[in-house]
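# Overview (structure and organization)
What follows is the residue order along each chain.
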Amino acid sequence: MKTNIGISEENRQAVADELAKLLADEYVLYTKTRNAHWNVEGPDFYDKHKFFETQYEELAERVDNIAERIRSLGHYAPATLKEFLALTHLTEREQNDNSSTGFIKELLQDHENICIHLREIIIPLADTYKDLGTSDFITALLEEHEKTAWFLRAHLK
């Protein structure tokens, strides 16, 4: 059945394409955060183990919400690791030690990179593609990433 929500097919496709890239970024970040949870070592192990657990749980919810947003626009969400790695703006794990500081620095960089990307697409989603709903959705995601970045940054002081 045809999707008829007041946004042209061309615009819905463009928005779904942007959301697919974001979904890939979020999934890669989820995986990296899960890695930090599993593999962190050091005297602050338990505290950081729980800290990263809270973060990956939040990311899992974001991943699901983004995929569902793509589906609400009448398109299919990418769902394979191969697709995610081809679409993401992020890199896989870069640091080589398992200290909490190493993980935090890398995760902070990723959250900040996602913030920058989200800022770049908020206005075009509303103005160019006439999708105020997705623009608003992206604004809320930006606020969540800014808060997580603040939490990570606070651990480095």
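Placed above this text is the structure.
Residues numbered from 1 in each chain as written. Predicted model: local features only at pLDDT ≥ 70, side-chain atom pairs only at ≥ 80, totals over all residues. Heavy atoms only, no water.

## As for the environment of Ala-36
- With respect to the helices and strands, the residue Ala-36 is situated in helix H1 (residues 9-39).
- Distance in space between the C-alpha atoms of Ala-36 and Asp-131 is 36 Å, their sequence separation being 95 residues.
- Apart from residues lying up to four places away in sequence, Ala-36 is in contact with Phe-52, Phe-103 and Leu-107. (Helix = DSSP H or I, 4+ residues; strand = E, 2+ residues; numbered from the N terminus. Contact = heavy atoms within 4.5 Å.)

## Concerning the side chain of His-111
- If you trace the backbone, His-111 turns up in helix H4 (residues 100-127).
- Looking at His-111, its side chain comes within polar contact range of the side chain of His-145, at 2.9 Å. (Polar contact = N/O pair within 3.5 Å; in protein donor to acceptor, adjacent residues only side chain to side chain.)

## Section: unusual backbone geometry
- In this structure, Lys-130 is a non-glycine residue whose phi angle is positive, near 60°.
- Within the secondary structure, Lys-130 sits in the loop between H4 and helix H5 (132-155).
- Given the relative accessible area of 54%, Lys-130 is considered exposed. (Buried < 20%, exposed > 50% of the residue type's maximum accessible area, 1.4 Å probe, protein only.)

## Section: the packing of aromatic side chains
- If you walk through the whole model with that rule in mind, you get 6 aromatic pairs.
- When the centroid spacing of 6.1 Å and the interplanar angle of 85° are considered together, the rings of Tyr-30 and Tyr-56 count as edge-to-face. Of this pair, Tyr-30 sits in helix H1 while Tyr-56 sits in helix H2 (residues 45-72), and the two are 26 residues apart along the sequence. Both residues of the pair, Tyr-30 and Tyr-56, belong to the buried class.
- A ring pair is formed by Phe-51 and Phe-52, whose centres lie 5.7 Å apart and whose planes are at 50°; its orientation type is tilted. Residues Phe-51 and Phe-52 agree in their burial class; the two are buried.
- In this structure an aromatic cluster arises from ring pairing among Tyr-27, Tyr-30, Tyr-56 and Phe-84.
- Sitting over the ring of Tyr-56, Arg-34 keeps its end group 3.9 Å from the ring centre. (Phe/Tyr/Trp six-rings, centres within 6.5 Å; stacked < 30°, edge-to-face > 60°. Lys NZ or Arg CZ within 6 Å of the ring centre and 35° of its normal.)

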